[in-house]
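Tertiary structure, described
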Amino acid sequence: MKKLDFFCASLRLCGLIFLMAFAVSAQTVPAPKDILGFTPGDDRKLASWAQVVDYFQKLDKASDRVMFEEIGKTTMGVPFVYATISTPENLKNLEKYKQINAKLADPRKIGTRTPSSARGKGRETAEQLIAQGKTIVLITCGIHSTEVGSTLSSMLIAHKLATSNDPEIKNILENTIILLVPSLNPDGVDIVKNWYDKTLGTPYEGTEPPELYHKYVGHDNNRDWYAFTQVETQLTVDKIHNVWHPQIVHDIHQQGANGARLFLPPYMAPVEPNVPKQLVEGYTELGNFMAADLRKKGLEGITTNTTYDAWTPARAYSHYHGGVRILSETASAKLATPITVKFEDLRGASGGLDAKVASPNFGPVWKGGTWKLRNITVYMTTAAFSLLNHAADNRESWLSRFYEIGKEAVRPRKDGELLGYRIRLTNDPENMLKILERGGVWFFFEDNQKTTKSGDGTFPSENAVVFLDQPYGDFAKALLERQEYPHLADERGNPIQPYDVTAHTLPSLFNNIVEPIYSAKNLKTIRHAKVTYGRGDCVLGQQNKIALYKSSTPSMDEGWTRWLFRPCTENEPLADREIRLGNFDQKVPPNKLDPKYRVIIFPDQSPNQILNGYAKGSMPDEYTGGVSKQGVENLRKFVEAGGTLVFLNRASNFAIEQFNLPVRDVTKGLPRKDFYIPGSILRTELNTTHPIAKGMPQQSIAWFETSPAFEIAQDARVEVIARYPSDPKNILLSGWALGAAKIAGKAALVEVTLGNGKIVLFGFRPQYRGQSLATFPLLFNAISQ
């Protein structure tokens, strides 16, 4: 009996020691406040990127649940990082779990496509892997840097996972491996913080910076998940997505201040047709679970199945790689400054949302009031842990779904079905093949003993072949086929605006020929071969005297244009002030004036923003005023003296209005019921005798998005370089074009003579998001004349 008492006492002592050890451990793990000097979510407090990295580094050292690593450098050269969080035992066996996930992602590795006698063994192997595996959850924060809550919340999430011994957290850590990216755009963390701190306590507190929060692409960094143009996208895809193949991606965002307090999936229609049905079921189940769970916890103003769709792969890499994307959108404040939202100012959104009225997809209604950064971090962290609970409690279900998606993807196709695509390698195929390769798509070459060269690239055939019976065949199919966006209208007959654009057909954007394959009989021997990718030469140089206009009101199209020219020119952009002053000349020996610029490019931007910029009083004086009427006169003199102005898309209307050009935009004032083309690829016909269309095919494309189309006055000194087909049925190549007849036969690209110079009007974006390679030559030729 005494031995038993001693044994029990020893157990109690051991338990006490165990609990004390945990308490000491929790105390030694730093809280965010210990490093930052404030708790994330405090009013008017933002962290620098160096502080965020410092916190995660110290968390890594103090906790055996956290591994933190740098995987590269950002566009502006700071560390791009992520943390892996799980139990110490799981972290010791990460390679094992990577291999399990890789096999489930590609069931060919476990015998799924073997003869029927072995397929049962393949299923048995899959079940064993599912029993052993962990749900891989990728949490991404801060891609849009003015949405400040998520990067701050990442530290709160990490700290709780690193320190809590609640059963809920232990269950999460045991059954999941969490990959936490504090920011997908670290450069923007500092851009926003520096501006916020500079304006703190001034009338401009809480305004957005007067520069793009990504060096080149601003908000469009979340439109890069198939083109992979930016360093940050490439690092995330190459070193996280393609290494880990997460079943769940939780992408944390913020939305406007006057709508719902929080959006969660399911997404509103339409869903891109190549998204597997199992993923639609997965994000519907998880999103509805989270919404119900958060409502039980007392959070208000939650909406599902409104506002956001799942159409474009530009925002959803995981939807074509076996994982659900759980987008969350929390209402914003003024960066870190609290706001007051009146109930009567709450508004609705697409999908039938009215933020003042409860409905099956929305509620309970938030009654308005003060909305602070602390509200934002509470919603974000609560949603994240709700998601993690579901991922942990349904581990086998998530892994089974993941396996089934892979099994269906690698299913052998029969003749008569769409087997794949043949890509003709006759017109610069390098970019398309790079995209497919980065997206995990296998392609092969028809063995005709020929070699194709493109720039410095070398390709071992005239044709590449992409078969669809592979894990990410749907990714290839989504990018290689034509999009047919459905005509969706509200009860009044007005078209419902897509959340982003409607087309992403790479063959059209890149001017490549792609043919569907329905039979393997006519294919030559298929083989793997080494591909050498080259690097293109610079198209522009400083000696060309080309200026790029940069408004004080940030323009993503300006950033994309700068990105396009980045290897070749480091000229300072031409700002509003310089145009107002007319500083277009420079002194050269001996005391002569030489034109500083030969060409000035105006990227896509509204005419009002170009002319007027920020309104007086809305920003510090140095950022207000636009080019002004004086600047317009200076630009007119520049052209009349022999200069060239190139205007892209909406900026063309600025030129038409301010220079009184003999050109009319036929789309201006048309009701949306009658004409609506929201981001689509249209067919154009080129006048190849004109220098701007030199070397181009007779048929080309235009990326049409809030774009003008031109009608020319009689006897005007205007040359039409590109126009839309006269038959409306031939205009749309991919996407959605309501009322295409309105632009049938109208001009898409014109050159207007003014004095001794020229004004070139593009009725489209020739360098659209760095993707419309088919029309890059038109822009290059326009500035090279």
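Residues numbered from 1 in each chain as written. Predicted model: local features only at pLDDT ≥ 70, side-chain atom pairs only at ≥ 80, totals over all residues. Heavy atoms only, no water.

1. Section: the overall build of the protein chain
Counting its regular elements, the protein chain contains 22 helices and 36 strands. Expressed as a percentage of its 785 residues, the buried residues of the protein chain come to 57%. Pairs at least 24 apart in sequence give 79% of the contacts found in the protein chain among residues at least 6 apart. Accessible surface computed for the protein chain: about 31,900 Å², of which carbon and sulfur atoms make up 50%. (Helix = DSSP H or I, 4+ residues; strand = E, 2+ residues; numbered from the N terminus. Buried < 20%, exposed > 50% of the residue type's maximum accessible area, 1.4 Å probe, protein only. Contact = heavy atoms within 4.5 Å. Areas by Shrake-Rupley, 256 points an atom, 1.4 Å probe, with all protein chains shown as cover.)

2. What to know about the nonpolar core
Counting residues in each nonpolar core, the largest one holds 193 residues, and the members touching the most others are Phe56, Leu161, Val646, Ile743 and Phe762. With 11 residues, helix α12 (residues 373-393) is the single largest residue contributor to this core. When sequence neighbours within four positions are dropped, the list of residues in contact with isoleucine 743 reads Val666, Thr667, Phe675, Ile677, Leu682, Phe704, Ala709, Tyr724 and Ile731. (Core = buried A, V, L, I, M, F, W, Y, C linked by side-chain atoms within 4.5 Å.)

3. A word on the pattern of salt bridges
With the rule as written, the count across this model stands at 37 salt bridges. For aspartate 220, the salt bridge identified is with arginine 769, shortest N-O distance 3.5 Å. Of this pair, aspartate 220 sits in the loop between α9 (186-199) and α10 (231-244) while arginine 769 sits in the loop between β36 (757-762) and α22 (776-784), and the two are 549 residues apart along the sequence. Exposure class is identical for aspartate 220 and arginine 769. Each is buried. For glutamate 396, the salt bridge identified is with arginine 395, shortest N-O distance 3.3 Å. Judged by relative accessible area, glutamate 396 falls into the partly exposed class, the value being 42%. With a relative accessible area of 11%, arginine 395 lands in the buried category. (Salt bridge = Lys/Arg side-chain N within 4 Å of Asp/Glu carboxyl O.)

4. Here's the deal with the side chain of threonine 304
When you line up the elements, threonine 304 lands in strand β8 (residues 302-304). Looking at threonine 304, the relative accessible area reads 5%, which means it is buried. If we ignore the near neighbours within four places in the chain, the residues touching threonine 304 are Phe263, Leu264, Pro265, Pro266, Asn288, Ala291 and Asn361.

5. Considering helix α17 (residues 556-565)
In an α-helix, one full turn covers 3.6 residues, which means residues spaced three or four apart are oriented alike. For α17, the buried fraction is high: 9 of the 10 residues fall into the buried class. By the burial criterion, the buried members of α17 are Asp557, Glu558, Gly559, Trp560, Thr561, Arg562, Trp563, Leu564 and Phe565. Where α17 is buried, its residues contact β23 (546-550), β27 (599-602), β28 (644-648) and α22. Where α17 begins, the side chain of serine 555 points an oxygen toward the backbone nitrogen of aspartate 557, at a separation of 3.3 Å. (Polar contact = N/O pair within 3.5 Å; in protein donor to acceptor, adjacent residues only side chain to side chain.)

6. Side note on the environment of proline 338
Its location among the elements puts proline 338 in the loop between β10 (324-331) and β11 (339-341). Looking at proline 338, the relative accessible area reads 23%, which means it is partly exposed.

7. Focus on the sheet that holds strand β2 (residues 79-85)
Reading across from one edge, β1-β2-β4-β3-β5-β10-β6-β8-β14 is the order of the 9 strands in this open sheet, with mixed pairing throughout. Strands with a single pairing partner mark the edges of an open sheet, and in this sheet they are β1 (66-73) and β14 (362-363). Bridging between strand β5 (residues 248-255) and β10 involves 8 bridges; their strand directions are parallel. Looking at β10, one finds that histidine 253 is bridged to glutamate 329. (Pairing = 2+ DSSP bridges.)

8. Quick look at the packing of helix α7 (residues 149-163) against α12
The N-to-C vectors of α7 and α12 enclose an angle of 50 degrees; their axes lie 9 Å apart at closest approach. Put simply, α7 runs oblique to α12. The element α7 and its partner α12 pack so that their crossing is right-handed. In this structure, α7 contributes Gly149, Ser150, Leu152, Ser153, Leu156, Ile157, Lys160 and Leu161 to the contact, and α12 contributes Leu373, Ile376, Thr377, Met380, Thr381, Ala384, Phe385 and Leu388. (Axes fitted to C-alpha atoms, helices over the stretch in contact; angles between N-to-C directions. Parallel < 35°, antiparallel > 145°, perpendicular 65-115°, else oblique. Left-handed = near helix turned anticlockwise from the far one by under 90°.)

9. A few points about the packing of aromatic side chains
A complete count under the given rule lists 32 aromatic pairs for this structure. Ring geometry for tryptophan 703 versus tyrosine 768: centroids 3.7 Å apart, planes at 15 degrees, classification stacked. Of this pair, tryptophan 703 sits in strand β31 (residues 699-705) while tyrosine 768 sits in the loop between β36 and α22, and the two are 65 residues apart along the sequence. With relative accessibility at 1%, the residue tryptophan 703 sits in the buried group. Owing to a relative accessible area of 0%, tyrosine 768 belongs among the buried residues under this scheme. The structure contains a cluster of three or more aromatic residues connected by ring pairs, namely Phe263, Tyr267, Tyr283, Tyr308 and Tyr499. The ring of phenylalanine 385 carries lysine 160 above its face, with NZ or CZ at 4.5 Å from the centroid. Of note, arginine 261 hangs over the ring of tryptophan 371, and the distance from its end group to the ring centre comes to 4.6 Å. (Phe/Tyr/Trp six-rings, centres within 6.5 Å; stacked < 30°, edge-to-face > 60°. Lys NZ or Arg CZ within 6 Å of the ring centre and 35° of its normal.)

10. Some words on the pairing of β28
Side chains on a regular strand alternate between the two faces of the sheet. Of all 5 residues that make up β28, 5 are buried, and the element is covered over most of its length. Judged by which residues are buried, β28 turns out to be covered on both faces: Thr644, Val646 and Leu648 on one side and Leu645 and Phe647 on the other are all buried. Where β27 lies against β28, 4 bridges are found, and the strand directions are parallel. From the neighbouring strand, phenylalanine 602 faces β28, where its bridge partner is phenylalanine 647. When β28 meets β36, the two strands line up parallel, connected through 5 bridges. The residue of β36 that forms the bridge with leucine 645 is isoleucine 759.

11. Some details on the environment of serine 63
Its location among the elements puts serine 63 in the loop between α3 (49-62) and β1. Linking serine 63 and proline 88, residues 25 residues apart in sequence, is a C-alpha distance of 9.1 Å. What serine 63 contacts, discounting residues up to four positions off in sequence, is Val29 and Ala162.

12. A few points about the environment of lysine 45
Topologically, lysine 45 is positioned in the loop between α2 (32-36) and α3. For lysine 45, a relative accessible area of 42% translates into the label partly exposed. Aside from chain neighbours lying at most four places away, what touches lysine 45 is Phe38, Leu152, Ala336 and Leu373.

13. A word on the pairing of strand β20 (residues 463-467)
Counted residue by residue, β20 has 5 buried out of 5 residues, so it is predominantly covered. By the alternation rule, side chains of β20 split into Asn463, Val465 and Phe467 and Ala464 and Val466, which are all buried. Here strand β17 (residues 444-446) runs beside β20; their pairing, made up of 2 bridges, is antiparallel. Bridge pairing links phenylalanine 445 to alanine 464 in β20.

14. What to know about the side chain of asparagine 649
Looking at the secondary structure, you find asparagine 649 in the loop between β28 and α21 (651-658). A residue is classified by how much of its surface remains accessible, and asparagine 649, at 0% relative accessible area, is buried. With near-sequence residues (within four places) excluded, asparagine 649 lies in contact with Asp604, Glu705, Thr706, Ser707, Pro708, Phe762, Gly763, Phe764 and Arg765.

15. Some thoughts on unusual backbone geometry
Here the bond from proline 265 into proline 266 is cis, since omega is 15 degrees, no more than 30 degrees from zero. Topologically, proline 266 is positioned in the loop between β6 (262-264) and β7 (268-271). Although it is not a glycine, histidine 245 adopts a positive phi angle of roughly 50 degrees. Relative to the helices and strands, histidine 245 resides in the loop between α10 and β5. The backbone of asparagine 305 sits at a positive phi, close to 60 degrees, despite the residue not being glycine. Mapped onto the elements of the fold, asparagine 305 is located in the loop between β8 and β9 (309-310). Here asparagine 305 falls in the partly exposed class, since its relative accessible area comes to 29%.

Don't take any of this as a statement about function, it's just geometry.
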